[in-house]
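Below, each chain spelled out in residue letters.
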Amino acid sequence: MKIIPAIDIIDGKCVRLSKGDYSTQKIYSENPVEIAKEFESFGIRFLHLVDLDGAKSKHIVNQKVLESIARETSLHIDFGGGLKARNDIDTAFNSGAKQITLGSIAVQDPEFCLKMVQKYGNDRIILGADCENRKIKTSGWLEESNLDIIDFILQYQEKGISQTICTDISKDGMLKGPSTDLYKEILDKTSVKLTASGGISCIEDVYRMKEIGCSGTIIGKAIYEGKISLQQLQKFIENA
């Protein structure tokens, strides 16, 4: 299972939110590149980089951060936030992203997303399935749809998507444990490679996500608040 630390960007700074609420932002570093370098020094190979300004603005805002991390580390970067048009996606890949996550646009314009899957391949396009009370939310989690999480994933699976990041928004940034039952249901009812995101609070949660069959786990606030150490993650990676 991939260990994937998260760096969320607002105004070029590394921040974390609670339940996706922009008013709760807490700045953890003025220099996201140094944070990424530290992750890499502990054997971490993957990074989930989110442009929160972009998610709100509906176009990429913090591509310079992406460029800098890609240039100064060898991390495999999955980038999301503000990817609403082809030029944004091209910008993300040209700036160093190895994969991108399509969330809001996957709800608003499925035809466009499928064209991007055909162009870049399903190994480079990840479906962002962010939900609250099982309903998919979009636009930086500010807007709710009527789409059920399972139905949403199945629709895209049938059309070629093979990888999904699922975030239960009610758990995100709360450090109270992940939505294990929801992830089990996704794994049971779909065949996608699932990366679990939201609520990871301790190293035991990480092992639990591996146990139920997740292909990756995104970890954010638990690292920044010292609930999970980079040494613990390094040990997990080495043992795997």
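The structure under discussion appears in the preceding block.
Residues numbered from 1 in each chain as written. Predicted model: local features only at pLDDT ≥ 70, side-chain atom pairs only at ≥ 80, totals over all residues. Heavy atoms only, no water.

### Describing the packing of aromatic side chains
How two aromatic rings sit relative to each other is set out by the distance from centre to centre and by the angle between their planes. Tallying each qualifying case throughout the model produces 5 aromatic pairs. With a centroid separation of 4.6 Å and an interplanar angle of 40°, the aromatic rings of F93 and Y120 are classed as tilted. One end of the pair, F93, is in helix α4 (residues 86-94); the other, Y120, is in helix α6 (residues 110-120), and 27 residues separate them in sequence. By relative accessible area, F93 is classed as buried at 10%. Here the aromatic residues Y28, F39 and Y224 are joined through ring pairs into a cluster of three or more. One Lys or Arg, K56, reaches over the ring of Y22 and ends 4.3 Å from the middle of that ring. (Phe/Tyr/Trp six-rings, centres within 6.5 Å; stacked < 30°, edge-to-face > 60°. Helix = DSSP H or I, 4+ residues; strand = E, 2+ residues; numbered from the N terminus. Buried < 20%, exposed > 50% of the residue type's maximum accessible area, 1.4 Å probe, protein only. Lys NZ or Arg CZ within 6 Å of the ring centre and 35° of its normal.)

### As for the side chain of D168
Assignment of secondary structure puts D168 in strand β10 (residues 163-168). No salt bridge forms around the buried D168; measuring N to O, its nearest opposite-charge neighbour K171 is 5.9 Å away. A polar contact of 2.5 Å, which involves the side chain of D168, links it to the side chain of S179. Not counting residues within four places of it along the chain, the set of residues in contact with D168 comprises C131, S179, L182, Y183 and S197. (Lys, Arg positive; Asp, Glu negative; His and termini not counted. Salt bridge = Lys/Arg side-chain N within 4 Å of Asp/Glu carboxyl O. Polar contact = N/O pair within 3.5 Å; in protein donor to acceptor, adjacent residues only side chain to side chain. Contact = heavy atoms within 4.5 Å.)

### A short note on unusual backbone geometry
Located in the positive-phi region is K58, a residue other than glycine, with phi close to 70°. Topologically, K58 is positioned in the loop between α2 (52-57) and α3 (63-72). You will see that R134, though not glycine, has its phi angle at about 75°, which is positive. Within the secondary structure, R134 sits in the loop between β7 (125-132) and β8 (135-138).

### Concerning the environment of E30
Its place among the elements puts E30 in the loop between β3 (21-29) and α1 (32-41). Overall, the relative accessible area of 56% leaves E30 in the exposed class. Along the chain, E30 and I223 lie 193 residues apart, while their C-alpha atoms are 16 Å from each other.

### Some words on the pairing of strand β5 (residues 76-80)
For β5, a buried count of 4 out of 5 residues is recorded, marking the element as mostly surrounded by other parts of the structure. Judged from the 5 bridges that link them, strand β4 (residues 46-51) and β5 form a sheet pairing that is parallel. Counted as the bridge partner of L47 is I77 from β5. Read from β5 through α4 to strand β6 (residues 99-102), the crossover connection turns out right-handed. (Pairing = 2+ DSSP bridges. Right-handed = clockwise from strand over helix to strand, strands pointing away.)

### Some points on the nonpolar core
Counting residues in each nonpolar core, the largest one holds 66 residues, and the members touching the most others are I7, I149 and I186. Here this core gets 6 residues from one element, more than from any other, and that element is α6. Look past the residues within four positions of I149 in its chain and what remains in contact with it is A129, C131, R134, I136, C166, L182 and I186. Judged by nonpolar contacts, the second largest core, of 7 residues, contains I10, L17, Y22 and A55. (Core = buried A, V, L, I, M, F, W, Y, C linked by side-chain atoms within 4.5 Å.)

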